[in-house]
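Per-entry structural report
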Amino acid sequence: MSSFWIILTGALVAVTCSLLGCYLILRRMAMVGDAISHAVLPGIVLAFLISGSRQTIPMLLGAGILGILTTFLIEFLHKKARLQEDASIGVTFTWLFALGVILISVFANKVDIDQECVLYGEIAYVPLNVWITDTGTNLGPQAIWIMGSILVLVLIMIFTSYKELLVTTFDPSYAAAIGFSTALWHYILMSMVSLATVASFESVGAILVVAFLIVPAATAYLLTDRFELMLVLAAVFGILSSVLGYLLASQIDGSIAGAMATMTGLIFVLAFIFSPRYGILRKKNEADKTGMIIEESKV
């Protein structure tokens, strides 16, 4: 049963992050997830200092608030300070992460809160952290309920706001011309990314969250030009990576999160080589055919 919970948690995180990752890839903001996963450290520390507890809910609230603040700071520096997007991300997350380290060293140096315990979860422990009601009923791992709720929210956002998100992602100028608030939809999307990232990394680890945000979406991007199909393929690749990653970790007795992240990379490599439109083999064949045509024309 533990295997089922671990794979299910990985699949829920994978689908949630992969769907959001499709928008991040097309907006050229793929590393926002990595920035958020580090920048939320001061929020976690402040949540502990205010609540005096390391319970999940206060930590998620503190991290979630800092995650949203991170997206606002990135956009502020990009728009007002005229920094490049990647520079804005780098400045924001390094500053906030350093602030979190200082807060830990000054106010919580005798408490088990450090960058390892708050940023790098262990998916193998998911079955141990269960939700037990006041009546003693075991409802299963908390991570399943949390990630299931986040996934439902992401799906509701996509289905109810598909047109707005699509237009503001592909052509912000046109979206503004027809009356869509590009800033509003940007912050809505980034808030969902923050929520999903914060909810995910406690269970599966920051590295796996970033892998699920970027790699399945990038893989799907190589295989299709239709956005609807890209969303579906990204989710499928995420689930496949979770299942195959767990099987790989079981065989080699290694890190489950590391194996899942590795499988996302292997699937991407296969798409990069064999993609019918953008793969290396396709480009090589086209180059060979072009060379043959040139040679024949010379003859």
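Residues numbered from 1 in each chain as written. Predicted model: local features only at pLDDT ≥ 70, side-chain atom pairs only at ≥ 80, totals over all residues. Heavy atoms only, no water.

**Thoughts on the packing of aromatic side chains**
Quick note on the threshold: Stacked, tilted and edge-to-face are the three classes applied to pairs of Phe, Tyr and Trp rings, where Trp contributes its six-membered ring and a pair requires centres within 6.5 Å; stacked means planes under 30 degrees apart, edge-to-face means over 60, and tilted covers the rest. Here a helix means four or more residues in a row that DSSP labels H or I, a strand means two or more in a row labelled E, and each is numbered from the N terminus. Classification of residues uses two cut-offs on accessible area relative to the type maximum, computed with a 1.4 Å probe and protein chains only: under 20% is buried, over 50% is exposed, and between them is partly exposed.
Overall, the coordinates contain six aromatic pairs when judged by the stated rule. Pairing Phe 268 with Phe 272 gives two aromatic rings, centres 6.2 Å apart and planes at 10°, and the pair type is stacked. Highlighted residues: Phe 268 and Phe 272, both in helix α13 (residues 256-274), separated by four residues, approximately one helical turn. Judged by relative accessible area, which is 28%, Phe 268 ranks as partly exposed. On the basis of relative accessibility, which here comes to 38%, the residue Phe 272 falls in the partly exposed class. Put simply, the rings of Tyr 23, Tyr 162, Phe 170 and Phe 227 touch in pairs and so form one group of aromatic residues.

**What to know about the confidence of the model for the chain**
In plain terms, the rule: A residue's pLDDT is the predictor's confidence in that residue, given on a scale from 0 to 100.
Residues with a pLDDT of 70 or more make up 87% of the chain, whose mean pLDDT is 81. Mean pLDDT values over the elements of the chain span from 49, in helix α6 (residues 115-119), up to 93, in helix α12 (residues 227-252).

**Looking at the packing of helix α2 (residues 32-39) against helix α10 (residues 182-204)**
Under the convention used in this document: The angle between two axes is taken between their N-to-C directions and runs from 0 to 180 degrees, where each axis is a line fitted to C-alpha atoms and a helix contributes only its stretch in contact. The scheme is simple: roughly parallel for angles under 35 degrees, roughly antiparallel for over 145, roughly perpendicular for 65 to 115, oblique for anything else. Handedness of a crossing follows from how the near helix is turned relative to the far one, being left-handed for an anticlockwise turn of less than a right angle and right-handed for a clockwise one. Two residues qualify as a contact provided that any one of their heavy atoms is within 4.5 Å of a heavy atom in the partner residue. Residues are grouped as follows: Ala, Val, Leu, Ile, Met, Phe, Trp, Tyr, Cys and Pro are nonpolar; Asp, Glu, Lys and Arg are charged; all remaining types, including Gly, are polar.
Running from amino to carboxyl end, α2 crosses α10 at an angle of 60°, the nearest separation of the two axes being 9 Å. One element, α2, and the other, α10, form an angle in the oblique class. Of the two possible hands of crossing, α2 and α10 adopt the one that is right-handed. Within the contact between the two elements, α2 uses Val 32, Gly 33, Ile 36 and Ser 37 and α10 uses Met 190, Val 193, Ser 194, Thr 197, Val 198 and Phe 201. For the contact of α2 with α10, the per-class residue count stands at six nonpolar, four polar and no charged.

**Considerations on the environment of Ala 211**
Along the polypeptide, Ala 211 turns up in helix α11 (residues 206-223). Among residues more than four places away in sequence, those in contact with Ala 211 are Pro 216, Ala 261 and Thr 264.

**Points about helix α1 (residues 2-26)**
Put simply, the rule is: Take the residue count of a helix, subtract one, and multiply by 1.5 Å to get its expected span. Consider a residue and the seven residues that end there alongside the seven that start there; fitting an axis to each set, the bend is the angle between those axes.
Look at α1: 36 Å from first C-alpha to last across 25 residues, which is about the 36 Å you get at 1.5 Å a residue. Leu 20 marks the point of greatest bend in α1, at about 25°.

**Concerning α12**
With 26 residues, α12 extends 37 Å between its outermost C-alpha atoms, agreeing within 8% with the 38 Å of an ideal straight helix rising 1.5 Å per residue. Trailing α12 by a residue or two, Asp 253 shows a phi angle of about 55°, which is positive.

**Some details on the nonpolar core**
Let me state the cut-off plainly: For this analysis, a nonpolar core means a set of buried residues of the types Ala, Val, Leu, Ile, Met, Phe, Trp, Tyr and Cys, connected via side-chain atoms within 4.5 Å.
Residues Leu 19, Leu 20, Val 40 and Met 260 are the most contacted members of the largest nonpolar core, which totals 73 residues. The element contributing the most residues to this core is α1, with eleven residues. Residue contacts for Leu 19: discarding those within four places in its chain leaves Leu 151, Val 154, Leu 155, Ile 158, Leu 231 and Ala 235. Counting five residues, the second largest nonpolar core, distinct from the first, contains Leu 41, Val 45, Leu 103 and Ile 104.

**Observations concerning a nonpolar patch on the surface**
Condition: The residues that make up patches have over 30% relative accessible area and no salt bridge, and they are joined within 9 Å when like-charged or within 5 Å when they are Val, Leu, Ile, Met, Phe, Trp or Tyr. Each accessible area is a Shrake-Rupley estimate made with a 1.4 Å probe; only the visible protein chains count as cover when residues are assessed. Every case where a carboxyl oxygen of Asp or Glu lies within 4 Å of a side-chain nitrogen of Lys or Arg is listed as a salt bridge.
A grouping of Leu 46, Leu 49, Ile 50, Ile 102, Val 106 and Phe 107 is seen on the molecular surface, where their side chains present a nonpolar patch of about 620 Å² in accessible area. Put simply, the parts of the chain that give the nonpolar patch at least two residues each are α3 (41-51) and α5 (85-107). Checked against the element boundaries, Leu 49 lands in helix α3. Taking relative accessible area as the criterion, Leu 49 reaches 37% and is therefore assigned partly exposed.

**Focus: the side chain of Thr 92**
With respect to the helices, strands and loops of the structure, Thr 92 is situated in helix α5. Excluding anything up to four places from it in sequence, Thr 92 contacts Thr 70, Leu 73, Ile 74 and Leu 77.

**Observations concerning the pairing of strand β2 (residues 138-141)**
The two faces of the sheet receive side chains in turn, since in a regular strand these alternate between them. Stated formally: Being paired, for any two strands, means DSSP has found at least two bridges between them.
Note: strand β1 (residues 130-132) against β2, two bridges, orientation antiparallel. The residue of β2 that forms the bridge with Val 130 is Pro 141. Between β1 and β2, which pair antiparallel in sequence order, lie five residues; one of them, Gly 136, sits at a positive phi of approximately 90°.

**Thoughts on the layout of surface pockets**
To keep it simple, the criterion reads: Definitions used throughout: a 1 Å grid over protein atoms alone; a cavity as a set of points that fits a 1.4 Å probe which cannot get out; a pocket as an open set with protein on both sides within 12 Å along at least five of seven lines; a lining residue as one with an atom within 4 Å of a point. Grid points are joined across faces, edges and corners, and a volume is the space filled by probe spheres set on the points.
The calculated volume of the second largest pocket comes to roughly 420 Å³. Every residue lining the second largest pocket is counted, 15 residues in all, and those nearest its centre are Arg 27, Glu 75, Lys 79, Glu 85 and His 186. Secondary-structure elements contributing two or more residues to the lining of the second largest pocket are α4 (56-79), α8 (162-170) and α10. For the lining of the second largest pocket, a count of residues per class yields five nonpolar, five polar and five charged.

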